[in-house]
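Architecture at a glance
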Amino acid sequence: MGLPLEGVRILAVEHYGAGPFGSMHLADLGADIIKIENKSVGGDSARHVAPYLLGENDSQFFQSMNRNKRSMTLDLKSPEGRNIFEKLVAIADGVTSNLRGDQPEKLKLTYKDLSKFNKKIVCAHISAYGRSGPRVNWPGYDYLMQGETGFMYLTGEPDGPPSRMGLSIVDWTTGLTNMLGLVSSILSAKETGVGRDIDVSLFDTALFQTSYTSIWYLNESHKTERTPRSAHPVLVPSQLFKAKDGWLYVMAMTEKFWKIIIDKTGSQKISEDPKFLDFKSRLENRDELTEVLDRVFQEKTVSEWMEIFAGKIPIGPVYDLDQALDNPFVKDRGMIQSFSHPDKEKLRTLSNPILVDGDRLPVRRAPKLGEHSDEILEDIGYSKQEIELLKKNKII
């Protein structure tokens with residue numbers, strides 16, 4: 001069988017992070033993702049992110065989010081460019097964009113604008129703060145959302161400043177949320193013959209991820225605070241501990257796991273202390289328990305503890321990114337693939353986490369700017385002479 005989304009065509013007016021990261025998952029799964037790029041500015045801004053550039057209008061940053069796609073340069077603001085775009089809409093299943101909230105209306109990328117060319121088209125929009133409301137024309141980025149929705153306040157040590165997560169987690173989850181809405185709506189459109197608009201914002205997605213901490217506050221006025229050692233807010237011990245040569249994250253999420261920790265470390269006296277008898281008492285005495293368990297875990301190295309507890313309790317080493325990628329388990333999982341690139345003989349990249357029938361999804365490099373413009377135009381009936389004229393007039 002082919003890949004799950006073969007035959008699905010998406011036009012992507014996307015740039016930088018959230019949009020491309022989300023649509024890459026659909027491309028990996030076999031969808032034909034056509035990136036619509038503005039040649040006059042060098043295409044997607046991600047193409048120019050240093051330090052690791054790859055020839056003209058390309059970078060490793062861009063490659064990390066745009067593999068398996070096709071690129072078409074097109075001036076959407078010109079009458080000729082708009083006409084080409086509308087012809088593509090007629091044979092597409094969806095249009096996705098990540099723009100400032102007021103831009104889809106101005107660029108006529110909404111269902112109201114595009115349904116006249118294809119009743120089944122689904123228009124999925126990512127914006128910073130939504131396409132309605134008082135911030136519709138505000139620019140916004142991941143880090144701002146981490147600040148305003150509580151992520152930063154809940155991250156870091158209690159006596160330190162608020163900290164952002166080290167990765168662009170709001171961008172990635174917003175992109176994936178958008179793709180879920182897009183694919184779900186395409187399925188519906190195939191049944192009903194009618195498409196729709198889908199809207200996802202960075203702000204809403206970030207706030208939604210506060211999850212149980214929000215429901216505690218909304219219903220019980222419980223304010224979740226930052227915890228020492230990146231600990232779970234209520235389950236103890238579930239946090240960082242010092243080993244002889246590094247850090248471990250240990251998660252005793254059940255009493256069963258707590259008993260295994262006691263047995264395997266030979267620390268029966270700890271379990272007999274009334275201050276550590278159950279979850280409630282351990283939460284009340286978290287700081288003291290941390291000191292006690294630090295002394296225990298510092299007796300052995302990270303690798304020694306991993307061998308002792310392997311598969312018996314939830315436990316993991318705390319690696320820097322180098323160690324994380326060089327971890328033999330990454331190779332065991334097949335999480336690194338390679339592809340050839342015109343400006344680099346071998347480019348290594350991470351595999352999509354989705355396995356289909358037990359296999360990793362295939363990978364090919366992200367496209368050069370406008371690499372597929374000619375073939376896409378030929379597919380919708382343009383002759384070579386007409387294509388050359390479009391290039392001369394800077395439409396593509």
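Below, the structure is looked at part by part. Bear in mind the structure is a predicted one, so any value in this text is a computation, not a measurement. (Residues numbered from 1 in each chain as written. Predicted model: local features only at pLDDT ≥ 70, side-chain atom pairs only at ≥ 80, totals over all residues. Heavy atoms only, no water.)

1. Digging into helix α7 (residues 169-192)
Residues separated by three or four positions in an α-helix point in the same direction, a consequence of the helix having 3.6 residues per turn. With 24 residues, α7 extends 34 Å from end C-alpha to end C-alpha; this agrees with the ideal 34 Å at 1.5 Å per step. Gly193, located one to two residues past α7, shows a positive phi value of around 80°. (Helix = DSSP H or I, 4+ residues; strand = E, 2+ residues; numbered from the N terminus. Expected span 1.5 Å × (residues − 1).)

2. Re the nonpolar core
Ile36, Met72, Leu74, Ile84 and Phe85 are the most contacted members of the largest nonpolar core, which totals 27 residues. Of all the elements in the fold, those that place two or more residues in this core are β1 (9-13), β2 (32-37), α3 (79-90), α5 (111-114), α17 (373-379) and α18 (384-392). For this core, the element with the highest residue contribution is α3, accounting for 4 residues. Ranked by size, the runner-up nonpolar core spans 23 residues in total, among them Phe257, Ile261, Leu289 and Trp305. (Core = buried A, V, L, I, M, F, W, Y, C linked by side-chain atoms within 4.5 Å. Buried < 20%, exposed > 50% of the residue type's maximum accessible area, 1.4 Å probe, protein only.)

3. A short note on the layout of surface pockets
The space that makes up the largest pocket amounts to roughly 1600 Å³. Contributing to the lining of the largest pocket are 41 residues, with Ser64, Leu167, Leu321, Leu325 and Leu350 lying nearest its centre. Among the elements of the structure, α1 (18-28), α2 (60-66), α6 (142-148), α7, α15 (321-326), β10 (336-341) and β11 (344-350) are those that each provide at least two residues to the lining of the largest pocket. Here the lining of the largest pocket gets 6 residues from one element, more than from any other, and that element is β11. Partitioning the lining of the largest pocket into residue classes produces 22 nonpolar, 10 polar and 9 charged. (1 Å grid on protein atoms, 1.4 Å probe; cavity = no way out; pocket = protein on both sides within 12 Å on 5 of 7 lines; lining within 4 Å. Points joined across faces, edges and corners; volume = space filled by probe spheres on them. Nonpolar A, V, L, I, M, F, W, Y, C, P; charged D, E, K, R; others polar.)

4. Quick word on the sheet that holds strand β4 (residues 94-98)
As summarised here, the arrangement of the 6 strands in space is β3-β2-β1-β4-β5-β6, forming an open sheet in which the pairing is parallel. Where the open sheet ends on each side, the last strands, each with one partner, are β3 (70-73) and β6 (196-201). Averaged over all neighbouring strand pairs, the angle between strand axes comes to 20°, with direction disregarded. Pairing between β1 and β4: 4 bridges, direction parallel. Paired with Ala12 across the strands is Thr96, a residue of β4. In the packing of α1 onto the sheet, contacts are made with β1, β2, β4 and β5 (122-127), and the angle to β2 comes to roughly 150°. Those strands touched by α3 are β1, β2, β3 and β4, and its axis lies near 145° from that of β1. (Pairing = 2+ DSSP bridges. Axes fitted to C-alpha atoms, helices over the stretch in contact; angles between N-to-C directions. Contact = heavy atoms within 4.5 Å.)

5. Some points on the side chain of Thr290
When you line up the elements, Thr290 lands in helix α13 (residues 286-297). When residues no more than four places from it in sequence are discounted, the contact partners of Thr290 are Arg229, Gln239 and Phe241.

6. Thoughts on a nonpolar patch on the surface
Taken together, the side chains of Leu321, Leu325, Ile336 and Leu350 make up a nonpolar region of the molecular surface, amounting to roughly 350 Å² of accessible area. Along the polypeptide, Leu321 turns up in helix α15. (Patch = residues over 30% accessible without salt bridge, like charges linked within 9 Å, V, L, I, M, F, W, Y side chains within 5 Å. Areas by Shrake-Rupley, 256 points an atom, 1.4 Å probe, with all protein chains shown as cover. Salt bridge = Lys/Arg side-chain N within 4 Å of Asp/Glu carboxyl O.)

7. Focus on the pairing of β2
Judged by how many residues are buried, β2 sits mostly within the fold: 6 of 6 residues are covered. The alternating pattern of β2 places Asp32, Ile34 and Ile36 and Ile33, Lys35 and Glu37 on opposite faces, both of which are buried. Sheet analysis places β1 next to β2, joined by 4 bridges and oriented parallel. Counted as the bridge partner of Ala12 is Lys35 from β2. Read as a crossover between parallel neighbours, the route from β1 over α1 to β2 is right-handed. With 4 bridges joining them, β2 and β3 adopt parallel strand pairing. Across the sheet, the residue bridging to Ile34 is Arg70, located in β3. For the handedness criterion, the β-α-β arrangement of β2, α2 and β3 is classed as right-handed. (Right-handed = clockwise from strand over helix to strand, strands pointing away.)

8. Here we look at the sheet that holds strand β7 (residues 238-242)
Pairing in this open sheet of 3 strands is antiparallel, and the strands run β7-β8-β9 from one edge to the other. What marks the edges here is a single partner per strand, and that holds for β7 and β9 (315-317). Strand-to-strand twist of the sheet, defined as the mean angle between neighbouring strand axes without regard to direction, takes the value 25°. As judged from the 3 bridges shared by strand β8 (residues 247-251) and β9, these two strands associate in the antiparallel manner. Looking across to β9, one finds that Leu248 is bridged to Pro317. This element, α13, spans β7 and β8 of the sheet and lies at about 45° to β7.

Just distances and angles here, no functional claims.
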